[in-house]
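Observations on the model geometry
Now for the letters of each chain:
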Amino acid sequence: MTAEKKAKCSTGLTGNIAVAYAMKQINPDVVAAYPITPSTTVVEEFSSYVADGAVTTELITVESEHSAMSACIGAAAAGARVMTATSSQGLALMWEMLYIASGMRLPIVMTCVNRALSAPLNIHCDHSDSMGARDSGWIQLYSETVQEAYDNVVQAVRIAEHGNLLLPVMVCLDGFITSHSIENLCVFDDDTVKGFIGEYKLNQPSLLDVEHPTSYGAVALPDSYIESRRQLAEAMINAKDVITDVAKEYEKVSGRHYGLMERYMMDDADAAIVIMSSAAGTTKVAVDEMRKRGLKVGLLKPRVFRPFPYIEIADALKNIKSVAVLDRADSYSSFGGPLFTEIRSSLYELDKRPKIISRIFGLGGREYGVQDAVKIFEELLKIKETGKVDKLYNYITVRE
Amino acid sequence: MATLKELTGKKELFAGGHRLCSGCGIPPIVRLILRSTEHPIVASTATGCLEVGTSIYPYTSWRIPWIHSAFENTAATISGIETAYRALKKRGRLPADKEIKFVAFGGDGGTYDIGLQALSGALERRHSFLYVCYDNGAYMNTGIQRSSSTPFGANTTTSPVGEVIPGKQEFRKDLTKIVIAHNVPYAAQASPHNWKDLNNKAQKALAINGPTFLNIISPCPLGWYTKPEESIEIAKVAVDTCFWPLYEVENSILKVNYKPKEKRAIEDWLKMQGRFKHLFLPNNKWMIDKFQEYINKEWERLLMLDGKQV
Ligand SMILES: Cc1ncc(C[n+]2csc(CCOP(=O)(O)OP(=O)(O)O)c2C)c(N)n1
Ligand code: SF4
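A brief structural summary. (Residues numbered from 1 in each chain as written. Chains lettered and ligands numbered in written order. Predicted model: local features only at pLDDT ≥ 70, side-chain atom pairs only at ≥ 80, totals over all residues. Heavy atoms only, no water.)

1. Structural notes on the site of ligand 2
- Every residue close to ligand 2 is listed here: B:Leu20, B:Cys21, B:Cys24, B:Ile26, B:Cys49, B:Asn136, B:Met140, B:Cys220, B:Pro221 and B:Leu222.
- Split into classes, the residues belonging to the shell around ligand 2 amount to nine nonpolar, one polar and no charged. (Near = heavy atom within 4 Å. Nonpolar A, V, L, I, M, F, W, Y, C, P; charged D, E, K, R; others polar.)

2. Comments concerning helix 2 (residues 15-26) of chain A
All names here are of chain A.
- The end-to-end C-alpha separation of helix 2 is 16 Å, in line with the 16 Å expected for twelve residues at 1.5 Å each.
- Of all twelve residues making up helix 2, nine are buried, and the element is well covered by its neighbours.
- Residues of helix 2 that are buried: Gly15, Asn16, Ala18, Val19, Ala20, Ala22, Met23, Gln25 and Ile26. (Helix = DSSP H or I, 4+ residues; strand = E, 2+ residues; numbered from the N terminus. Expected span 1.5 Å × (residues − 1). Buried < 20%, exposed > 50% of the residue type's maximum accessible area, 1.4 Å probe, protein only.)

3. Quick word on the sheet that holds strand 16 (residues 393-395) of chain A
Residues and elements named next belong to chain A.
- Sheet architecture is open: six strands sit in the order 10-12-11-14-15-16, paired in mixed fashion. The sheet terminates laterally at strand 10 (261-264) and strand 16, the two strands that pair on one side only. Neighbour-to-neighbour, the strand axes of this sheet turn through a mean angle of 20°, independent of strand direction.
- Across four bridges, the pairing between strand 10 and strand 12 (residues 297-302) is antiparallel. Bridging from a neighbouring strand, Arg263 pairs with Leu300 of strand 12.
- Its contacts with the sheet put helix 11 (residues 310-317) on strand 10, strand 11 (271-274), strand 12 and strand 14 (322-327), and the angle it makes with strand 10 is roughly 5°.
- Most of the contacts of helix 13 (residues 370-386) go to strand 11, to which it runs at about 135°, and overall it touches strand 11, strand 12, strand 14 and strand 15 (355-360). (Pairing = 2+ DSSP bridges. Axes fitted to C-alpha atoms, helices over the stretch in contact; angles between N-to-C directions. Contact = heavy atoms within 4.5 Å.)

4. Things to note about the interface of chain A and chain B
- The partner chain B presents 41 residues to the 44 residues of chain A that form the contact.
- Interface of chain A and chain B: buried area, both sides summed, is about 3,100 Å²; carbon and sulfur atoms make up 60% of it.
- The largest share of the area that chain A buries against chain B comes from A:Glu58, A:Leu208 and A:Val219, three residues that together contribute 20% of it.
- Here B:Lys98 ties to A:Glu211 by a salt bridge, and the two come within 2.9 Å at their closest N and O atoms.
- At the boundary of chain A with chain B, the tally comes to 21 residue pairs in polar contact (both at pLDDT 80 or more).
- Ranked by residues supplied to the side of chain A that touches chain B, first place goes to helix 4 (residues 65-77) of chain A with eight residues.
- As judged from the two bridges shared by strand 9 (residues 215-216) of chain A and strand 2 (residues 66-67) of chain B, these two strands associate in the parallel manner. Residue pairing across strands places A:Tyr216 opposite B:Ile67, the latter belonging to strand 2 of chain B. (Buried area = accessible area lost by both parts, 1.4 Å probe. Salt bridge = Lys/Arg side-chain N within 4 Å of Asp/Glu carboxyl O. Polar contact = N/O pair within 3.5 Å; in protein donor to acceptor, adjacent residues only side chain to side chain.)

5. Brief notes about the sheet that holds strand 5 (residues 109-114) of chain A
Residue and element names in this part refer to chain A.
- The strand order 3-2-4-5-7-6-13 describes an open sheet built from seven strands, whose pairing is mixed. On the outer flanks of this sheet lie strand 3 (58-61) and strand 13 (304-306), each paired with one strand and no other. For this sheet, the mean angle separating the axes of adjacent strands, direction not counted, is 20°.
- Pairing geometry for strand 4 (residues 82-86) and strand 5, over four bridges, is parallel. Considered in strand 5, the bridge of Thr84 is made with Met110.
- Seen against the sheet, helix 5 (residues 88-103) touches strand 4, strand 5 and strand 7 (169-174) and runs at an angle of roughly 145° to strand 5.

6. Describing the pairing of strand 6 (residues 211-217) of chain B
Residues and elements named next belong to chain B.
- With respect to burial, strand 6 is a largely interior element, seven of its seven residues being buried.
- Of the two faces of strand 6, both are covered, the one formed by Pro211, Phe213, Asn215 and Ile217 as well as the one formed by Thr212, Leu214 and Ile216.
- Relative to strand 6, strand 4 (residues 129-135) is paired through seven bridges, and the arrangement is parallel. Directly across from Cys133, in strand 6, lies its bridge partner Asn215.

7. Some remarks on the site of ligand 1
- Neighbouring ligand 1 are 18 residues, the closest being B:Gly109, B:Gly110, B:Tyr134, B:Ala138 and B:Asn141.
- The environment of ligand 1 is shared, with nearby residues belonging to chains A and B.
- Taking B:Asp108, its side chain carries an N or O atom lying 3.2 Å from an oxygen atom of ligand 1.
- Residue B:Ala138 places a main-chain N or O atom 2.9 Å away from an oxygen atom belonging to ligand 1.
- The fraction of the free accessible surface of ligand 1 (580 Å²) that becomes covered by protein chains is 77%. (Areas by Shrake-Rupley, 256 points an atom, 1.4 Å probe, with all protein chains shown as cover.)

Worth remembering: the numbers are spatial, not functional.
As structure tokens, this is what we get:
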């Protein structure tokens, strides 16, 4: 059977329902979650699957996100396949437990529907939440479309559970922009998902193996702590290959190609924007417009932010003259957004480095349009001409 | 109910060689709890003396599956484990007839204060587990800071006896009452000096399908400024003064398990401990009186509820 035949390719779903649908097909052993906009409908939809008997998952409706991640940790350590979803303040409340999940090497899969952090309170999209968790030892995949969100969730299970990794995975999609808008996408039939993810194979000791008692979360003094963290770092180094391999396998069954990043019109580009998630779609339209005007511009869309594919990114940017990294979050370093500083650092080894600027955009759901991208491209082309950067770090999409 | 001989004949699941202080109330409590069921037990522990003193890698005192994930969430962690147990049974990945018991341990800090939300959530969701609070009345592991369980008047590092404030000024939170308000099938207070009563309660709690709770007074020589060899005696006096009444609530009926023939004065308990030394200065006598008055009222209240539905 061809990939097309196994998939239904005209399914109109919102991003959150597509995620919930993927979760239904995965049918995890345990889901523990607490509601927060804009990820709430993931869990609402999943709860109705539970109520209808469409899945056999045990759902724990905990009293907070801190407990959601704690319960996920307990369940995963007990040998269950575990998933959850959250956003913003919810992810922030989990912060302590994110480190414990990765430190215990538990393959938990979580959807993060990106939303701004308080204060002021704002329920709309930016990446401050997941960027705040970027150093917690979780793999982070970012999704541009509903299709990608669905595909990333299915792949995340395989990535997390891979014997060389045992790392938790966060699948990010843009709050409201992707989570609540309906797109046509291809979804697999249940058996294809089941076949792709396989039966859960325990790669770590289980707390329920009472004949072989295991301790999780012991005290590690200075003579052993750093070794454990080093192992985590090494798993993260291995993750790049695992993510690539899983994507290749996924391509075989889906016909859809995924890698560490997507390059759009990059081969002969002079100027490029680097941007993640849904804003990449808007930027592609701007690229097309500029190309019609005969201007050589392109787009680089990282899909994987943790581990950070610095070699591949440097390679993709090595022939570009001027680059703008657009961050939907600031790190308040006064030096640029989190994606920017890592990309700038990735370029350091190049003999000939592009000029590079940091632009913060779209915080708290502020609209980012094709014209915003066009303006950036025009600025980049000017930088290419003059070789001069006026402002290294600046905000766009701001009322001034 | 098990005899002492039967209990001591059982396999020791909590190994010696741990790093808890000598005279600490925690080890006898944990040992007895782990002996109170025939079934295998999985335990989750909050951050605190118990965790730090028993799990310094590469050693462990736990001869059972054990997890410590953080300070405030031992109840949430056990919720996840217990749910996984049901999920895996349902899916045939664990034999249907395999019976495992789940216990969460927390100190008073990790239970009365920072962990109260997770505890309340887990009790409300009706997970099948026993929650054991070993209550030494302060944050001992971080150096004897006051908790909401710290007794009135106690000298701690965050409620020190100063020029104007003589120790802790509030009475302790009554957590057992709060737990009972969750309508759990079984909740009780116990003490390590009365092993029989404690064992009996743990057996009952562990046999029940649903959330159960034990609040156990746990003497701490370091934080109470007491002699290690007197710990068990001090626990007994806590019960005889009715500072720590032994009672249980089973299917909503409250039963006082021990009524001292003659209720001893709270002074008897206070004077055994360095943390209350300042109460015996003449100008602080009002504090002892106030303490006694409080205890009398609480004890009367408990006697009134004895045998009744709560
Ligand atoms: C979120 C968080 N805050 C603070 C701490 C520091 N801390 C560790 S143990 C502890 C006190 C534990 O007290 P208690 O629960 O009474 O147990 P004990 O040490 O007395 O056994 C504190 C404050 C922590 N580990 N985590
Ligand atoms: S400080 Fe107190 S509670 Fe902690 S181990 Fe020592 S005696 Fe036990």
